Amino acid sequence: MSMTRREFLEVMAVAAASGMALNSRQALAGEVPKNFYELPKFGNVSFMHFTDCHAQLLPVYFREPNVNIGVGGAYGKAPHLVGDHFLKAYGIKPGSIDAHAFTQLDFVAAAKTYGKVGGFAHLATLIKNIRAQRPGSLLLDSGDTWQGSGTAYWTNGADMVGAQKMLGVNVMAPHWEFTLGAERVKEIVEKDFKGSVDFVAQNVKTADFGDQVFKPYVIKNVNGVPVAIIGQAFPYTPVANPRHFTPDWTFGIQDDSLQKFVDEARGKGAKVVVVLSHNGMDVDLKMATRVTGVDVIFGGHTHDAIPQAIPVKNSKGTTLVTNAGSNGKFLGVMDLDVKNGKVVGYKYRLLPVFSNLIEADKPMADYIKKVRAPFETKLNEKLAVTEDFLYRRGNFNGTFDQVIVDALIEVKGADMAFSPGFRWGTSLIPGDTITMERVLDQTCITYPATTLNEMTGQQIKEVLEDVGDNLFNPDPYYQQGGDMVRVGGLQYTINPNEKVSRRVSNMVLRGKAVDPNKKYLVAGWASVQENVTGTPIWDVVAEYLKNVKVIKKVKPNQPKLIGMSKNPGMQE
């Protein structure tokens, strides 16, 4: 239901009192709690945190997953809860604005009511107001910031670097940043970020002597309290992304090294120690049991939007683990009460950033307009219209993933197609125009070549098994945080609870069982091998969309699942 005029005026009064500027016309579109952006001050050390914005400078639609399966010890626990299971776990009212923000439920109808999310101009307003209430607060960015849009690709990340500096990011940890190449990363860190943003990564070292490539941590004084922020880059960068982008650097989780830096920072007087991580939430939860002396982990990589910090006990205390979603959709606010050199209390909120409810910051809006101006014609090229809801984000094919594999099969003349299980990519609601910008949201990487290869049935099974183990291995330290490879043309069965090499069965192509010894033409993209050439994936998808003109009745090619009927990480 809609707010009454009295309720609306109460919202506006509260917002004004907290310094928040609301867009009054759009705020009436849905039911918004009157204290939605009200954050009473608490404690004496505050952090703001965002992650995985994937270069989305403007507001977008982004749907949370309906499939995020947890196996082993992760069964039925955050972040592996979706839909109604999620609402129940966190006491969120069905049909509310929070239900829309944190779940996939009734997404299209709710999106039409509440509008788009994120946008750096709206995020900037929110951050400025929180900073005004919490002097000295630090803004942390867990990475995946310089990749994910056409403008980030064409400017070699420069558009996002400028936006980060305007936003007032204090400390950053990396992942997809490395796909710009080691030289470009070092250039940004040593020149653009100098004197403004600390780029930290304790687990990135030189391959020859094991020296630190970047600062492992920084210590900052927050209202008289020394605070250490230790960086944790994505541990599997050279595996999940091309090794040749960072040929002279090593990665890995490196618990022992992290413990050394925690102890070192404490020895230098840090009373609060946080880890700014791009591990993925399951890895962070395990790491919190093994590394002691960490007060909070601000995590990223797996795009999990978790409204409450998760306390994890270890041999010497408790570590709070958080994760702040993706696409600029959320801002985490962590307030710590530090007394006598210890954290004695905390409050945490993960705020959805609804662009219709927050006035755009003019300097940031002007900056975004300026950096986009040279590319507007290409970004706004109209390719097709969708009559269906297009999304990516879930363990298996989303509808936009399906469009991509359909395009690969059609344009490349393949028997089947594989598309990476990337978690980034925005959503479109029925009636939206599919522009080149929206295609780039799903595909824009620095190694976009499409390929067409012959593969035997056995090789195809091995690929599915390998990715399946990456996703469903019960030990988080053997997971790499992506989703299952998206498959077009091929049907198969998967049992996530099975052991390695035994999860995939019953592979069928055009009604016939796949022959292990027969060769099939398989189209793909995003090969991590060096010197791969081919038409960029966005041009292949654009060609397909121009021919189809209207996208409708997209049926994602989902595998048959075994043993998952009661898993709370699944909901239709």
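Relevant structure appears above.
The following refers to the structure shown. (Residues numbered from 1 in each chain as written. Predicted model: local features only at pLDDT ≥ 70, side-chain atom pairs only at ≥ 80, totals over all residues. Heavy atoms only, no water.)

Our next topic: the overall build of the protein. Counting secondary structure elements, the protein contains 18 helices and 25 strands. Projected onto the principal axes, the alpha-carbon positions of the protein cover approximately 70 × 60 × 50 Å. When burial is assessed residue by residue, the protein has 62% of its 572 residues classed as buried. With the model as given, the accessible surface of the protein reaches about 22,100 Å², and the carbon-plus-sulfur share is 51%. Put simply, the protein has 63 plus and 58 minus side-chain charges, and the middle of one group is 4 Å from the middle of the other. (Helix = DSSP H or I, 4+ residues; strand = E, 2+ residues; numbered from the N terminus. Buried < 20%, exposed > 50% of the residue type's maximum accessible area, 1.4 Å probe, protein only. Areas by Shrake-Rupley, 256 points an atom, 1.4 Å probe, with all protein chains shown as cover. Lys, Arg positive; Asp, Glu negative; His and termini not counted. Charge placed at Lys NZ, Arg CZ, Asp CG, Glu CD.)

Turning our eyes to something else, we now look at the environment of Val262. Considering the arrangement of structural elements, one finds Val262 in helix H11 (residues 255–267). A relative accessible area of 0% means that Val262 is categorised as buried. Separated by 34 residues in the primary sequence, Val262 and Ala228 place their C-alpha atoms 8.3 Å from one another. When residues no more than four places from it in sequence are discounted, the contact partners of Val262 are Ile230, Val273, Val291, Thr292, Gly293 and Val294. (Contact = heavy atoms within 4.5 Å.)

Once that is clear, we can look at the pairing of strand E2 (residues 138–141). The alternating pattern of E2 places Leu138 and Leu140 and Leu139 and Asp141 on opposite faces, both of which are buried. By the bridge criterion, four bridges tie strand E1 (residues 45–50) to E2 in an arrangement that is parallel. Across the sheet, Phe47 pairs through a bridge with Leu138, a residue of E2. As judged from the two bridges shared by E2 and strand E3 (residues 171–172), these two strands associate in the parallel manner. When the bridges of E3 are listed, Asp141 appears paired with Met172. (Pairing = 2+ DSSP bridges.)

Within E1, six of the six residues are buried, which leaves the element mostly enclosed by the surrounding structure. Alternating residues of E1 divide into Val45, Phe47 and His49 and Ser46, Met48 and Phe50, and every residue in both groups is buried. With five bridges connecting them, E1 and strand E13 (residues 330–339) associate as antiparallel partners. Note on E13: the bridge partner recorded for Val45 is Leu336.

Counting residues in each nonpolar core, the largest one holds 119 residues, and the members touching the most others are Phe47, Phe120, Trp146, Phe214 and Leu331. If you tally residues by element for this core, the top one is helix H6 (residues 120–133), at seven residues. One finds Phe245, Phe422, Cys444 and Ala542 within the second-largest nonpolar core, a separate group that totals 37 residues. (Core = buried A, V, L, I, M, F, W, Y, C linked by side-chain atoms within 4.5 Å.)

The next subject is the sheet that holds strand E11 (residues 310–314). The strand order E6-E7-E9-E10-E12-E11 describes an open sheet built from six strands, whose pairing is mixed. Taken across any chain shown, the strands that pair with only one partner, and hence form the sheet edges, are strand E6 (217–222) and E11. Within the sheet, the average angular offset between the axes of one strand and its neighbour, ignoring direction, is 25°. Packing against the sheet, helix H12 (residues 281–290) makes contact with strand E7 (225–232), strand E9 (272–277), strand E10 (296–299), E11 and strand E12 (317–323), and its axis sits at approximately 35° to E11. (Axes fitted to C-alpha atoms, helices over the stretch in contact; angles between N-to-C directions.)

Right, let's get into the pattern of salt bridges. Should the charged atoms of two oppositely charged side chains come close, the side chains can pair. Under the definition given, this model contains 28 salt bridges. A salt bridge links Arg423 to Asp483, with the nearest nitrogen and oxygen atoms 2.8 Å apart. Of the two residues, Arg423 is situated in the loop between strand E16 (416–419) and strand E17 (433–435) and Asp483 in the loop between helix H17 (457–472) and strand E19 (486–488); the sequence distance between them amounts to 60 residues. Judged by relative accessible area, which is 3%, Asp483 ranks as buried. Here the salt bridges do not stand alone but share partners, grouping Arg372, Glu376, Glu437, Arg438 and Asp441 into one network. (Salt bridge = Lys/Arg side-chain N within 4 Å of Asp/Glu carboxyl O.)

Moving on: the packing of aromatic side chains. Applying the stated rule across the entire model yields 28 aromatic pairs. Ring plane angle 45° and centroid distance 4.8 Å describe the contact between Phe86 and Tyr90, whose orientation is recorded as tilted. Separated by four residues within a single helix, Phe86 and Tyr90 lie in helix H3 (residues 83–90), roughly one turn from each other. Assigned by exposure class, Phe86 and Tyr90 land together as buried. Geometrically, the ring pair formed by Phe178 and Trp249 is edge-to-face, given 6.0 Å between the ring centres and 75° between the ring planes. Here the residue Phe178 occupies a position in the loop between E3 and helix H9 (182–192), and Trp249 occupies one in strand E8 (residues 249–250), the gap between them amounting to 71 residues. The same class applies to Phe178 as to Trp249, namely buried. Taken together, Trp146, Phe178, Phe193, Phe199, Phe214, Trp249 and Phe251 form an aromatic cluster joined through their ring pairs. One cation-aromatic arrangement involves Arg63 over Tyr391; the distance from NZ or CZ to the ring centre is 3.9 Å. One Lys or Arg, Lys186, reaches over the ring of Phe214 and ends 5.5 Å from the middle of that ring. (Phe/Tyr/Trp six-rings, centres within 6.5 Å; stacked < 30°, edge-to-face > 60°. Lys NZ or Arg CZ within 6 Å of the ring centre and 35° of its normal.)

That bond from Ala78 to Pro79 is cis: its omega, 10°, falls within 30 degrees of zero. Phi angles above zero are rare outside glycine, and Asp106 is one such case at about 45°. Counting through the fold element by element, Asp106 comes out in the loop between helix H4 (97–102) and helix H5 (107–114). Taking the relative accessible area as the measure of exposure, Asp106 reaches 64% and is therefore exposed. With a phi close to 65°, Asn531 is a non-glycine residue in the positive phi region.

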